[in-house]
Amino acid sequence: MPLDPHSIRADFPILKRQSSSGAPLAFLDNAASAQRPQVVIDAISDCYQRYYANVHRGIHTLSEESTAAYEAARETTRQFVGARSQSEIVFAAGTTAAINTVAHSWGGSHLSAGDVVLLTIAEHHANIVPWHQLAARTGCRVEFIPLGDDFTIDDAVVQDKLQTLQPKLFSFVSSSNVLGTNFPVARWTRMAHAAGATVLVDAAQGAPHQAIDVQQWDADFVVFSGHKVCGPTGIGVLYGKEALLDAMPPFLGGGGMIDRVTTEGFSPTGLPEKFEAGTPPITEAIGLAAAMRYLQSVGLEAIEAHEHLLCQAADTALRNIEGVEILGPTPDKKGGIVSFTVDGVHAHDIAQWLDTRGVAVRAGHHCAMPLHESLGKTASARASFYLYNTPEEVDRLIEAVKEARDKFARGGRRRRRRNPSPA
Amino acid sequence: MPNEQDIYEEHVLDHYEDPYHRGELATATHADEGKNPLCGDVIHVMLRLGRDGKIEEAWFDGEGCVISQASASMLIEAIEGKTVEEAKEFTANQMLELFGPQLTPNRQKCCLLSWRVLQSALHAPLEDADDDDAGPSFGGPSLSEES
């Protein structure tokens, strides 16, 4: 059944507010971070008001209740991604922290000088910088798969890189945060495994918009953030196959991740606590579980279909505006993201003008500088849709982009000259 | 709260579309370039300093948003003919006042890019500038890329 964004909007209190210009808010910056429904806000506030205490430590009522809720959140997460066991679900601070954990722990113990980490050029910085850092530590090499002319990557190109470079690790986004391109996760994972590579899937942009099944993907690691799936900031998920996680050394050391500590050394505890040193993000995990249940109650397939309709409408209308260039494939090959440039107008001026119309978009390089460089752009504007966005908001986006073009494009408005023209 | 449309008032757009001294200054004695890495704005400031400590000529070149480019034009126009000391004493707040419309902290960075580059250009004599013609040079560290 198609989703009704107007009834969904009632679940998100923040959507009732206005932008500073007084215009009603059209929040189209969901790829950066989504908003939270009341049930998530309530779950967090309920924990703090009724049963909050540190987990896994105290022998008292509140600690036991908090621990139960924290571990129930792990079970909700296990179901959300389709993992076999709760041991495979590690709570990290976010996508970035999860990738850094894999880079330090797995990368540090499996990669050495000359080994290759293969990425696509469509990665955001979270899936680039930790590998550059690993390369500096171990002497391994980071290689990139280029983009095709249609903003997708052909299987044959991937196959060729896998064969010629023989990477130890292939790490890629399930969906690009700039182009919106959806990559064939299960197929690429199969190809990478056949070539002997371990696979990390960065699902930061995938998890909010499509049902994840880590067993169907068969990826070795899958990571994503809580705040993009309507959950809190400061929490993310690191899924890893149990045998892999089990064999990896811990990354951060501290309380909670040990079995025994002496003045001479320590022995780590088992999964998943081995990777959760220190007091974990307790209320964040509880809020994240509420967000996952909320998305599942709406239905991820319905969400994906709804975003697709909005994306198609926006993509088509933007392509019809003179001077607009879309960075990304046609809507059938992407999720709910439309990035674009307007000839002669800087992305920041577009975003600033759109804000006067209440339309919130992202402008800049979206933490994907290598991708922008490969496209010959310094910045772009990006509209990204979610379950609560409406076709009317797409219309307002289009209208405001036309206004911005007319206002800022050189020659777009009649202007008096300040200086006498040079002869 | 000011309407954000005011940021793009006529005076600002005039400087954007018809900037003061945008281009190359072949006789520059001092020059520097700076970027705003978050937006990709780039500003290159070129100065010809005279022996009397005056900025005899000032030019800029660059790429970026309306605010970064219009503010550069305003600044270059304002400091030409001033002494180096006066330019060094020109503060960030004065730059924001010169620009006019009120800016959010993020856009202040765009507005202050040219001001930052001007301050470092004053300390950056060009190596190939003829020593005889070069104005006074100034020591001290150059300002970092990000404020």
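Residues numbered from 1 in each chain as written. Chains lettered and ligands numbered in written order. Predicted model: local features only at pLDDT ≥ 70, side-chain atom pairs only at ≥ 80, totals over all residues. Heavy atoms only, no water.

A. Region of the structure containing the overall build of chain B. Counting its secondary structure elements, chain B contains five helices and three strands. In chain B, the succession of helices and strands from N to C terminus is α-β-β-β-α-α-α-α. Relative to its 147 residues, chain B shows a buried fraction of 51%. (Helix = DSSP H or I, 4+ residues; strand = E, 2+ residues; numbered from the N terminus. Buried < 20%, exposed > 50% of the residue type's maximum accessible area, 1.4 Å probe, protein only.)

B. Spatial organisation of the environment of Glu 88 of chain A. Residue and element names in this part refer to chain A. For Glu 88, the location among the structural elements is in the loop between helix 3 (61–81) and strand 2 (89–92). In this structure Glu 88 comes out as buried when scored by relative accessible area, which is 4%. Here the alpha-carbon distance between Glu 88 and Asp 160, two residues 72 residues apart in the chain, equals 32 Å. Reaching out from Glu 88, the side chain makes a polar contact with the backbone nitrogen of Glu 242 at a distance of 3.1 Å. (Polar contact = N/O pair within 3.5 Å; in protein donor to acceptor, adjacent residues only side chain to side chain.)

C. Summary view of the nonpolar core. Core analysis: the biggest nonpolar cluster contains 79 residues, and Phe 170, Phe 224, Leu 387 and Tyr 388 of chain A have the highest contact counts within it. Broken down by element, this core gets its largest block of residues, ten residues, from helix 10 (residues 282–298) of chain A. Each of domain 1 (5–30 + 300–408) and domain 2 (40–296) of chain A accounts for three or more of the residues forming this core. Among the nonpolar cores identified, the runner-up in size contains 72 residues, and Val 338 of chain A together with Leu 47, Leu 112 and Trp 115 of chain B belong to it. (Core = buried A, V, L, I, M, F, W, Y, C linked by side-chain atoms within 4.5 Å. Domains from an automatic or database assignment.)

D. Spotlight on the pairing of strand 2 (residues 41–49) of chain B. Residue and element names in this part refer to chain B. Pairing between strand 1 (residues 30–36) and strand 2: seven bridges, direction antiparallel. Its bridge partner being in strand 2, Gly 34 is matched across the sheet by Ile 43. From the end of strand 1 to the start of strand 2, which pair antiparallel, there are four residues, and Gly 40 there has a positive phi angle of about 85 degrees. Where strand 2 and strand 3 (residues 55–63) come together, eight bridges link them in antiparallel fashion. What sits directly across from Val 45, in strand 3, is Phe 60. (Pairing = 2+ DSSP bridges.)

E. Geometry of unusual backbone geometry. All names here are of chain A. In this model, Leu 271 is joined to Pro 272 through a cis peptide bond whose omega is -10 degrees. Residue placement: Pro 272 occurs in the loop between strand 10 (266–268) and helix 10. Backbone geometry at Phe 151 places phi at a positive 65 degrees, although glycine is not the residue there. Turning to its location among the elements, Phe 151 is positioned in the loop between strand 4 (141–145) and helix 6 (155–165). A residue is classified by how much of its surface remains accessible, and Phe 151, at 14% relative accessible area, is buried. Notably, Cys 230 is not glycine yet its phi reads approximately 70 degrees, a positive angle. With respect to the helices and strands, Cys 230 occurs in the loop between strand 7 (221–225) and strand 8 (236–240).

F. Representation of the side chain of Ser 68 of chain B within the structure. You can see Ser 68 of chain B is positioned in helix 2 (residues 66–79). The residues touching Ser 68 of chain B, leaving out its near neighbours within four places in the chain, are Asp 41, Ile 43, Glu 63 and Cys 110 of chain B. (Contact = heavy atoms within 4.5 Å.)

G. Region of interest: helix 6 of chain A. Residues and elements named next belong to chain A. Among all positions of helix 6, only Val 158, Leu 162 and Leu 165 are buried. Looking straight down helix 6, one finds its buried side chains confined to an arc of 95 degrees; they lie on one side. Packed against the buried residues of helix 6 are strand 3 (116–120), strand 4, strand 5 (169–173) and helix 7 (185–194). Within two residues after helix 6, Gln 166 carries a phi angle of roughly 45 degrees, on the positive side. (Arc of directions from axis to C-beta.)

H. Looking closely at the packing of helix 3 of chain A against helix 10 of chain A. Residues and elements named next belong to chain A. Relative orientation of the contacting elements helix 3 and helix 10 amounts to 40 degrees, with a least axis distance of 8 Å. The two elements helix 3 and helix 10 cross, and the hand of that crossing is left-handed. Residue-level inspection shows Ala 69, Tyr 70, Ala 73, Thr 76, Thr 77, Gln 79 and Phe 80 of helix 3 in contact with helix 10, the latter providing Ile 282, Ala 285, Ile 286, Ala 289, Met 292, Arg 293 and Gln 296. Of the residues assigned to the contact of helix 3 with helix 10, the class counts are nine nonpolar, four polar and one charged. (Axes fitted to C-alpha atoms, helices over the stretch in contact; angles between N-to-C directions. Left-handed = near helix turned anticlockwise from the far one by under 90°. Nonpolar A, V, L, I, M, F, W, Y, C, P; charged D, E, K, R; others polar.)

I. How the structure looks around the packing of aromatic side chains. Residue and element names in this part refer to chain A. Under the defined criterion, the tally for this structure stands at 13 aromatic pairs over all chains. With a centroid separation of 5.1 Å and 25 degrees between ring planes, the pair formed by Phe 183 and Trp 188 is classed as stacked. A residue is classified by how much of its surface remains accessible, and Phe 183, at 6% relative accessible area, is buried. On the accessibility criterion, Trp 188 (0% relative accessible area) is buried. Where Trp 353 meets Phe 408, the ring centres are 6.3 Å apart and the plane angle is 85 degrees; that geometry is what we call edge-to-face. Here Trp 353, found in helix 12 (residues 347–356), pairs with Phe 408, found in helix 14 (residues 391–408); they are 55 residues apart in sequence, far enough to count as distant. Accessibility expressed as a relative area gives 1% for Phe 408, which makes it buried. These aromatic residues form a ring-pair network of at least three members: Phe 12, Tyr 294, Tyr 386 and Tyr 388. (Phe/Tyr/Trp six-rings, centres within 6.5 Å; stacked < 30°, edge-to-face > 60°.)

J. Broad picture of the sheet that holds strand 3 of chain A. Residue and element names in this part refer to chain A. With mixed pairing, seven strands are arranged side by side in an open sheet as 2-8-7-6-5-3-4. If you trace the sheet from one side to the other, it starts and ends with strand 2 and strand 4, each paired once. For this sheet, the mean angle separating the axes of adjacent strands, direction not counted, is 20 degrees. Pairing of strand 3 with strand 5 involves two bridges; the strand directions are parallel. In the strand pairing of strand 5, Leu 118 is matched with Phe 170. Across the sheet, helix 5 (residues 129–138) touches strand 3, strand 4, strand 5 and strand 6 (198–202), and the angle it forms with strand 4 is around 145 degrees. Strands strand 3, strand 4 and strand 5 of the sheet are contacted by helix 6, whose axis makes an angle of about 160 degrees with strand 4.

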